[in-house]
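Below, each chain spelled out in residue letters.
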Amino acid sequence: MFQTLDTGLHLYHSSMSLMELQHEKSERVYTRRQTSAEIVSEARRSLRSLTTQRPFTPQEQHRQLFGESSSRARDGRPPSAFSLHARNFEAPDSRPGSGSRLSPLEHIPRLSAFRDEDGREEEAALPKPPAERENTRRGSGGCRARHLRTSSINKLPLMTSQSKSLDRSVEERIDQPEDGERLHCDDVTGHITKASSEAVLHTINKNSRIAQSAQNDVSSGSKPDAYHGLNDTDADDNMDESHYWNSKVLPLLHEIESFAPGDGVSEEMVGRMCHACTELHNALAERGMLGRQCKKRSTILRSLFRLVDVGSDRLNLTLAKLILALNVSGNNLVNICKLIFKISRNASNDTLFLTSSVLDSLLSLLKSEDVWSKSEAVLYCVGSLKLLSGNSALASLLLGKDFIGILLLLSKRLRHCIPQTSSNVTNHRAEGQNVIAGHILVQVTAALRNIADQSESRPSFLSSKAFVTLCWIVENHRHDTDICINVARIFSKLSTYTECCYALAETPRCCSLFLDLLGKHSRKQDLVVRLLFTLGNLTAKSIKARERVYEEEGGIDALLDLFQIYQRKPSAPEQHPAPEREDVLIKLIRLLANLAIHPTVGTALAANPLCVQLLLQVLESRCVQECEELVINAAATINNLSFYQGESSLVRSQYKHISQLLLKLLLGSSMEGVLEATRVFGNLSQIKDVRRFIVQHKVHQFVVTLLDSKNPDVCFSACGVLINLSADSENTALLRVEGTTQKLIDCLRDFGSQDWHLAAVVCQTLWNCSLDGEMQHSEELLKILRLYTDRELLQWPSNDGVRQVQEACWELLFLPVAERLRQRLHVEDITGIS
């Protein structure tokens, strides 16, 4: 009895060998071992998924906060270019941590706390603000900024144990307002709210009088009140610290002060400056005087700020590392982060960051819980790390410092800090914070985009559940195309890896979110193409992803709407150039093909008039020589849809028109096009009228020649057509004339032991061809069958997983048809076949 075969080209076999199939399956997690029947069933019922290249992302020509294609207006976003000088820094750096500071008082106490270089005691006045000038710069808190003098400091203070204790006592008293009074500062505006301004001024004046009294006590030789509570141990500690300052720190400060910023500073001089700053850093770290612990911190900062005007990136990075270690805040912190950003914009400076530990300082800043009080500094800090992460060596270094985890934590903090109440004031504040958060998140997602290029980054993305956080970012900033594109690029990169693909497919509302973005930004080609690519990757591997896309309300309609948008010719020459539109269509059609692997989805798509019409339009209007991947993807999608040949299938009902289009593809110069056309004919040739069309147009001759291919996929596709053709008795003689039998035997010998599914199809074709009683080359065929039907004579793979697949296909697919074929050839000894 003649038999036809539904050759719906299979998910794995048509695109990879059985060994590759098992490697693919080994990356998936199964709750139990699959049976042989399940393996074969999965292979026979699944359709072929399509692959494609990841969308090309051009390298940014310039390093900046926002790229050339940014949707943000240039005049409404933070700048990437600016100038920084010593005068931009505030030397004392003693304002409250909120970013606000008090106005200076007219009454300034004088302390006899220092000795000059000759050992004479002299008075050191508390710092006075500079005289009023034009264009006075305002600080972040809205108060008048105090500018650094760029001239050299004539004399640096020695420290005595007595002056150390006095400084501590006075500063402690000044830091403690009476009656629990506190100054409050709005974190966003920086404006001070005075609980009681009069009481505050009274407290400060009182503390000033205490300081003046202490000064008088010291001048008279008596012990000030500040010392009454000190025991001998405290005095010894003060003496040790004073000695350390005078012997270790002060000489380094003198050396730093000896450098005069100006034009023509030699590289040797820069090296000496860097060395002195590094030695100072080490000296302060050794004594625990970093942060805000050192009472002469303002003196140190004043000396360091002067060197910014030298203009050396190498020196400035060394300075930045030390200044950050001194825990600067407010405007100084912003300027230091801007300075580092400015250095990072020059790719030739990447080596400086590789040999410096300043990366640790930047990452430490990002861990700060109080994001909003440092938002501008955080922005430039992340911006610097984004630029640096484009260097593969620096990206690897950052990965080892938990860069991904730190960025994701920062994203979560930005999320939780935004107010959720509905008052007008809070809404205005939330709107401003959303803008700031958006700027920062552009940098965060761009940095993660760069890191995703590193293969070793995948475990970090998976372990930190990054996909959930990234989906949240997009969901809450879906109108910010800069953020959306960055996240889409991350997903397009990571979804090419199996483990990441499954993790993303399991992320709640992931597919729904992507479909929503495709609807909102349908004209944003660079976003659309990446979302389609990612969805194509998910649906190629995940059954759940296919179901979620199909079950999402309006999901398929949104995809077909996109199909129509990019299928039409653009209304203007500059809108979506042809290559870009073609790339979108390639990714979109591939997604439809992968969706069609699911029986429910495939049946629905095969019955969808718009879907079938759009696919046929591609074959009608495009030439495979000009748009090869697009045409081939369209043919492959029609092939998957042709697998479902129920009464509702429009592919089946339009078989005549489709056959004509396939003939054009067969006669083309693209071997991939020939292969896809053959696959579709393999399914459609179950229809008798299609078989008649094949013979009338001599297509069978062309198909027979495909058996000479060294590609098992091509041979498999050809056998699919030949099996169905040989089901008609009038066709067997035609096939025999073309030398079909010998070619099939050669194919069985060359590929059979590595691909039992192909071997089974070849044997089925030989079975049909021998039904009229004539079989050429039967002895040669019997010899091969004896070898292939003896389990003990076969060589099986050593890998258990691969062997499981091979044995299942051999036992359930090949062996039954091989046994029947031997009987047809009158083989007497069949007892050895098990």
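Placed above this text is the structure.
Residues numbered from 1 in each chain as written. Predicted model: local features only at pLDDT ≥ 70, side-chain atom pairs only at ≥ 80, totals over all residues. Heavy atoms only, no water.

### Concerning the overall build of the protein
Definition in use: Going along the chain from the N terminus, every DSSP run of H or I of four or more residues is numbered as a helix, and every run of E of two or more is numbered as a strand. Buried means the residue's accessible area, taken with a 1.4 Å probe over protein chains only, is under 20% of the maximum for its type, while exposed means over 50%, and partly exposed covers the values in between. The contact definition used throughout considers only heavy atoms, calling two residues in contact when any of these lie within 4.5 Å. Every accessible area reported is derived by Shrake-Rupley at a probe size of 1.4 Å, with residue values counting cover from the shown protein chains alone.
Scanning the protein from N- to C-terminus turns up 38 helices and four strands. With 834 residues in all, the protein has 53% of them scored as buried. Of all intrachain contacts in the protein linking residues separated by at least 6 positions in sequence, the fraction that spans at least 24 positions is 77%. Counting only carbon and sulfur atoms, one obtains 48% of the accessible surface of the protein, whose full area is about 37500 Å².

### Details of the packing of aromatic side chains
This is how it is decided: Classification of ring pairs uses Phe, Tyr and Trp, with its six-membered ring standing for Trp, and accepts pairs whose centres are within 6.5 Å; under 30 degrees between planes counts as stacked, over 60 as edge-to-face, and the remaining range as tilted. For a Lys NZ or an Arg CZ to count as sitting over a ring, it must be within 6 Å of the ring centre and within 35 degrees of the ring normal.
Scanning all chains against the criterion turns up 13 aromatic pairs. Ring geometry for F82 versus Y380: centroids 5.6 Å apart, planes at 85 degrees, classification edge-to-face. Residue F82 is found in the loop between helix 2 (36-45) and strand 1 (110-115), and its partner Y380 is found in helix 12 (residues 375-388); the two are separated by 298 residues along the sequence. Grouping residues by exposure puts F82 and Y380 together as buried. Aromatic pair F89 and F305: ring centres 4.8 Å apart, planes at 20 degrees, arrangement stacked. Of this pair, F89 sits in the loop between helix 2 and strand 1 while F305 sits in helix 7 (residues 297-306), placing them 216 residues apart in sequence. Per residue, the accessibility class of F89 equals that of F305, and both read buried. Here the aromatic cluster, defined as three or more aromatic residues joined through ring pairs, consists of W756, Y788, W796, W810 and F814. If you follow R287 out to its NZ or CZ, it ends over the ring of Y244, 5.7 Å from the centre. Here the basic side chain of K338 rests over the ring of F82, its NZ or CZ set 5.3 Å away from the ring centre.

### Side note on the pattern of salt bridges
If charged atoms from side chains of opposite charge come close, those side chains can pair. Defined as follows: A pairing counts as a salt bridge when a side-chain nitrogen of Lys or Arg comes within 4 Å of a carboxyl oxygen of Asp or Glu.
A complete count under the given rule lists 27 salt bridges for this structure. Its salt-bridge partner being R306, residue E257 comes within 3.7 Å of it at the nearest N-O pair. Note that E257 is positioned in helix 5 (residues 232-257) and R306 in helix 7, a separation of 49 residues in sequence. Since its relative accessible area comes to 3%, R306 is described here as buried. Linked through salt bridges whose partners overlap, the residues forming this network are E475, R478, R509, D516 and K520.

### Some thoughts on the packing of helix 26 (residues 609-621) against helix 29 (residues 655-666)
This is how it is decided: For every element, the axis is a line fit to its C-alpha atoms; helices are fit only across the contacting stretch, and the angle between N-to-C directions ranges from 0 to 180 degrees. In this scheme, roughly parallel covers angles under 35 degrees and roughly antiparallel covers those over 145, while 65 to 115 is roughly perpendicular and the rest are oblique. The sense of a crossing depends on the near helix, which, turned anticlockwise from the far helix by less than a right angle, makes the crossing left-handed and, turned clockwise, makes it right-handed.
Closest axis-to-axis distance for the helix 26/helix 29 pair is 10 Å, and the angle between their directions is 40 degrees. Taken together, helix 26 and helix 29 sit at an angle that is classed as oblique. The hand of the helix 26/helix 29 crossing is left-handed. Counted together, L616, L619 and E620 of helix 26 and H657, I658, L661 and K664 of helix 29 form the full contact between these two elements.

### Here we look at the nonpolar core
Put simply, the rule reads: As used in this record, nonpolar core signifies buried Ala, Val, Leu, Ile, Met, Phe, Trp, Tyr and Cys residues forming a set joined through side-chain atoms within 4.5 Å.
With 221 residues, the main nonpolar core has L280, L304, L559, L748 and F814 as its most contacted residues. It is helix 36 (residues 756-769) that provides the largest number of residues to this core, a total of 10 residues. With near-sequence residues (within four places) excluded, L559 lies in contact with L515, L518, L532, V549, L588, L591, L592 and L595.

### Quick notes on helix 36
Each α-helix winds once per 3.6 residues, and so residues spaced three or four apart point in a common direction. Rules: In this analysis, the expected span of each helix is defined as 1.5 Å times one less than the number of residues it contains.
The end-to-end C-alpha distance of helix 36 is 20 Å, a good match for the 20 Å that 14 residues give at a rise of 1.5 Å each. Among the 14 residues of helix 36, 14 are classified as buried, and the element is accordingly described as predominantly covered.

### Digging into the packing of helix 8 (residues 313-325) against helix 9 (residues 330-344)
To keep it simple, the criterion reads: For this classification, Asp, Glu, Lys and Arg are treated as charged, while Ala, Val, Leu, Ile, Met, Phe, Trp, Tyr, Cys and Pro are nonpolar and the rest, including Gly, are polar.
Running from amino to carboxyl end, helix 8 crosses helix 9 at an angle of 145 degrees, the nearest separation of the two axes being 10 Å. The two elements helix 8 and helix 9 cross, and the hand of that crossing is left-handed. Every residue of helix 9 that contacts helix 8 at D313, N316, L317, A320, I323 and L324 is listed here: L333, I336, L339, I340 and I343. Of the residues contributing to the contact of helix 8 with helix 9, the split by class is nine nonpolar, one polar and one charged.

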